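# Architecture and fold: a report
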Amino acid sequence: MEYSGRRRKHRDPWRLICRSTVSFVCVCLAQFALFLLSSFFNSSNIITLLFLSVIVLLGLTVIGRRCKRLFGLRGSAPAFVFTNIVFMWCVYLVAIRQAISFPLDILFHAELIILLIGLYRIISGDPGFVDYAPISNTETFLEGSELPISNIYEGSPSVESSLLLQRVRYCKYCHAHVKGFDHHCPAFGNCIGQNNHFLFMILLAGFIIAESCYILSASQITTASRTLDSDGQKQVVWTVALATSTMVFSILQVLWQAAFLAWHIYCVCFNIRTDEWMHWKKYPEFQHITHSQLGETGTTRYRNPYDKGIWQNLKEFIEAKG
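Residues numbered from 1 in each chain as written. Predicted model: local features only at pLDDT ≥ 70, side-chain atom pairs only at ≥ 80, totals over all residues. Heavy atoms only, no water.

### Considering the overall build of the protein
Note the following rule: Per the convention used, a helix needs a DSSP run of H or I reaching at least four residues, while a strand needs a run of E reaching at least two, with both numbered from the N terminus. The buried label goes to any residue with under 20% of its type's maximum accessible area, the exposed label to any with over 50%, and the partly exposed label to all in between, with areas taken from a 1.4 Å probe on protein chains only. Only heavy atoms enter the contact rule, under which two residues are in contact if any of them lie within 4.5 Å.
In terms of regular secondary structure, the protein is built from nine helices and six strands. Burial analysis of the protein (322 residues in total) assigns 40% to the buried set. If you take every contact in the protein between residues at least 6 apart in sequence, the share linking residues at least 24 apart comes to 68%.

Put into C-alpha cells, the structure is as follows:
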C-alpha cells in the first residue's frame, strides 16, 4: 500500500483565522512600539534607533512567548510576514510615496506585487514531497532522517542514484519526506526542498531589494524632516516618525536576510544542505573515518561527497529546480 509523502494536515479554517488574527495584533503592537520609539527619540541617530529597536523587539518577543505559554495564543508565521508586507505598503502610500520619484514608485510597487506572487507560490507549492510505503504501521521517523532506499527504489541502484535518494529527509512539521530537504521555513509555512529552493533564494533576494528601496524612499522623508522651520525647531510629524520606524525595521530585516542569503549561496556553491551541515554526523556519507597506523580507534571527520566544484554545483542546483 502506498502512502503519500505529503501528509500535511488540512487546518481548521477557524483556527487559521484565529492564528492570523494573533499575527495581525502582534504586527500592530510591534510597529506601534517602534513608532513610539521614533517619536520620543526623533533627534537620535540611526545607530541609536537600531540599538533601541532591537531591545524593544526582543522584549516584545519575550512577552509574546509568555502569552503563548499562559494563554495558549499562537500566531501564524506566514500571516505575520504577509501582514508586515501590507503594513509597510500602507505606510508607503500614506507617508512616503509623495516624496519620491515616479520611476522609484513604479519599481517599488512592481517588487511588492512580485513578492506577493512568490510568497503565494512558495507557501502553496510542493517542495519535493516523496511518496513512500512504510515498513510497518508503527514505523516512526526523526526529523532529518533518511528515507530507506528500499521503500522508494526497487532493484540495485547505482552509487550515484543511491546518494541522490539518501538526500530525501523527513520533516516533522509537514509530516512528510522531502527530496533535497534543506530546512523547514516557519516564515513561509513550508519545507525548503529541491523543487522550491531556487524560488526561496529568489524570494529572499527580492525581499532584500524591496526593503532596500523602501529604506531609500523613507530616508528622503527623514532627511527632509531635519530641516528647521521658521522658529528654529525641528519639524516632527507623525508621518515622519512612522517613516523612520518602518525604515529602522526594514534595516534590521535586511541585515539578517542578507546574512541568511549569503549562507544559502555558500551552501549552493558547495552542494550542501542546511540540515546536512547541522546534522552531518547522522548521515554516513558525510563521515570519513581515519585510522591510525597503530590500529587505534580512528576519528570521524566531515567530508562532502556531493561537492563537484562550484560551477558544476551551481549547474545542478539550477537544473534541479521544480
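### So, the side chain of Asn-190
Stated precisely, the cut-off is as follows: Throughout this description, a polar contact denotes any pair of N or O atoms lying within 3.5 Å of each other; where both atoms belong to protein, one of them has to be capable of donating a hydrogen while the other can accept it, and for residues adjacent in sequence the pair is counted only when both atoms sit in side chains.
Looking at the element boundaries, Asn-190 is found in strand S4 (residues 190-192). At 3.0 Å, the side chain of Asn-190 and the backbone oxygen of Ile-122 are in polar contact.

### Section: the packing of helix H2 (residues 46-71) against helix H7 (residues 238-269)
Formally: Note on geometry: axes are lines fitted to C-alpha atoms, helical ones only across the stretch in contact, with angles between N-to-C directions running from 0 to 180 degrees. By definition in this entry, angles of less than 35 degrees are roughly parallel, angles greater than 145 are roughly antiparallel, angles of 65 to 115 are roughly perpendicular, and the rest are oblique. The residue classification treats Ala, Val, Leu, Ile, Met, Phe, Trp, Tyr, Cys and Pro as nonpolar and Asp, Glu, Lys and Arg as charged. All others, Gly included, are polar.
Where H2 contacts H7, the axes come no closer than 10 Å and their chain directions differ by 75°. With respect to their mutual orientation, H2 and H7 come out roughly perpendicular. Contacts from Ile-46, Leu-49, Leu-50, Ser-53, Val-54 and Leu-57 in H2 reach Thr-244, Met-247, Val-248, Phe-249, Ile-251 and Leu-252 in H7. Residue classes in the contact of H2 with H7 are distributed as ten nonpolar, two polar and no charged.

### Let's talk about the confidence of the model for the protein
Our working definition: Each residue carries a pLDDT score, the predictor's own confidence in it, on a scale running from 0 to 100.
Scored by pLDDT, the protein comes out at a mean of 82, with 79% of its residues at no less than 70. In the predicted structure, residues 148-164 sits below a pLDDT of 50 and forms 19 contacts with residues beyond four places in sequence or in another chain.

### A look at helix H3 (residues 77-96)
For clarity, the cut-off: Expected span, for any helix, means 1.5 Å times one less than how many residues it has.
With 20 residues, H3 extends 27 Å from end C-alpha to end C-alpha; this agrees with the ideal 28 Å at 1.5 Å per step. Burial in H3 covers these residues: Pro-78, Ala-79, Val-81, Thr-83, Asn-84, Ile-85, Met-88, Trp-89, Val-91, Tyr-92, Ala-95 and Ile-96.

### Examining the pairing of strand S1 (residues 168-171)
Stated formally: We treat two strands as partners when DSSP finds at least two bridges between them.
Residue alternation in S1 divides its side chains into two sets, Val-168 and Tyr-170 and Arg-169 and Cys-171, and both sets are buried. Of the strand pairs in this sheet, S1 and strand S2 (residues 176-179) are connected by four bridges, and their pairing is antiparallel. Paired with Cys-171 across the strands is Ala-176, a residue of S2.

### Remarks on the nonpolar core
Cut-off, in case you're wondering: Buried Ala, Val, Leu, Ile, Met, Phe, Trp, Tyr and Cys residues form a nonpolar core when they are joined through side-chain atoms within 4.5 Å.
Ile-96, Phe-188, Phe-200, Phe-207 and Tyr-214 are the most contacted members of the largest nonpolar core, which has 47 residues in total. Those elements giving two or more residues to this core turn out to be helix H1 (13-40), H2, H3, helix H4 (102-124), helix H6 (197-225) and H7. In this structure, Phe-129, Ala-176, Val-178 and Cys-191 belong to the second largest nonpolar core, which totals seven residues.

### So, a positive patch on the surface
Note the following rule: Residues form patches when they are more than 30% accessible in relative terms and have no salt bridge. Like charges link within 9 Å. Nonpolar side chains (Val, Leu, Ile, Met, Phe, Trp, Tyr) link within 5 Å. Under the convention used here, a 1.4 Å probe and the Shrake-Rupley method define accessible areas, while residue burial counts only the protein chains that appear. Each salt bridge in this description consists of a side-chain nitrogen of Lys or Arg and a carboxyl oxygen of Asp or Glu lying within 4 Å of one another. His is not counted here, nor are the chain ends, while Lys and Arg score as positive and Asp and Glu score as negative. Where a charge lies is defined by one atom per residue type, namely NZ (Lys), CZ (Arg), CG (Asp) and CD (Glu).
Together, Arg-15, Arg-65, Arg-66, Lys-68, Arg-69 and Arg-74 make up a positively charged patch on the protein surface. Considering each element in turn, the positive patch owes the most residues, four residues, to H2. Positionally, Arg-69 belongs in helix H2.

### Quick look at the packing of H3 against H4
For the record, the criterion: Crossing handedness is read from the near helix: turned anticlockwise from the far helix by less than a right angle, it gives a left-handed crossing, and turned clockwise, a right-handed one.
For the pair H3 and H4, the least separation of the axes is 12 Å and the interaxial angle reads 165°. Relative to H4, H3 is oriented roughly antiparallel. The handedness of the crossing between H3 and H4 comes out as left-handed. Where H3 approaches H4, its residues Pro-78, Val-81, Phe-82, Ile-85, Trp-89, Tyr-92 and Leu-93 are matched on the opposing element by Leu-104, Asp-105, Phe-108, His-109, Leu-112, Ile-113, Leu-116, Leu-119 and Ile-123. Counted by class, the contact of H3 with H4 contains 14 nonpolar, one polar and one charged residues.

### What to know about the packing of aromatic side chains
This is how the line gets drawn: Only the six-membered ring of Trp is used, alongside the rings of Phe and Tyr, when aromatic pairs are assigned; centres must lie within 6.5 Å, and planes under 30 degrees apart are stacked while those over 60 apart are edge-to-face, with the rest tilted. Whether a charge sits over a ring comes down to the Lys NZ or Arg CZ being within 6 Å of the ring centre and within 35 degrees of the ring normal.
Evaluation of the coordinates by the stated rule reveals 14 aromatic pairs. Judged by centre distance (4.9 Å) and plane angle (45°), the rings of Tyr-266 and Phe-270 are tilted. A ring pair is formed by Tyr-283 and Phe-286, whose centres lie 6.3 Å apart and whose planes are at 55°; its orientation type is tilted. The two residues Tyr-283 and Phe-286 agree in class, both being buried. One Lys or Arg, Arg-169, reaches over the ring of Tyr-283 and ends 3.8 Å from the middle of that ring.

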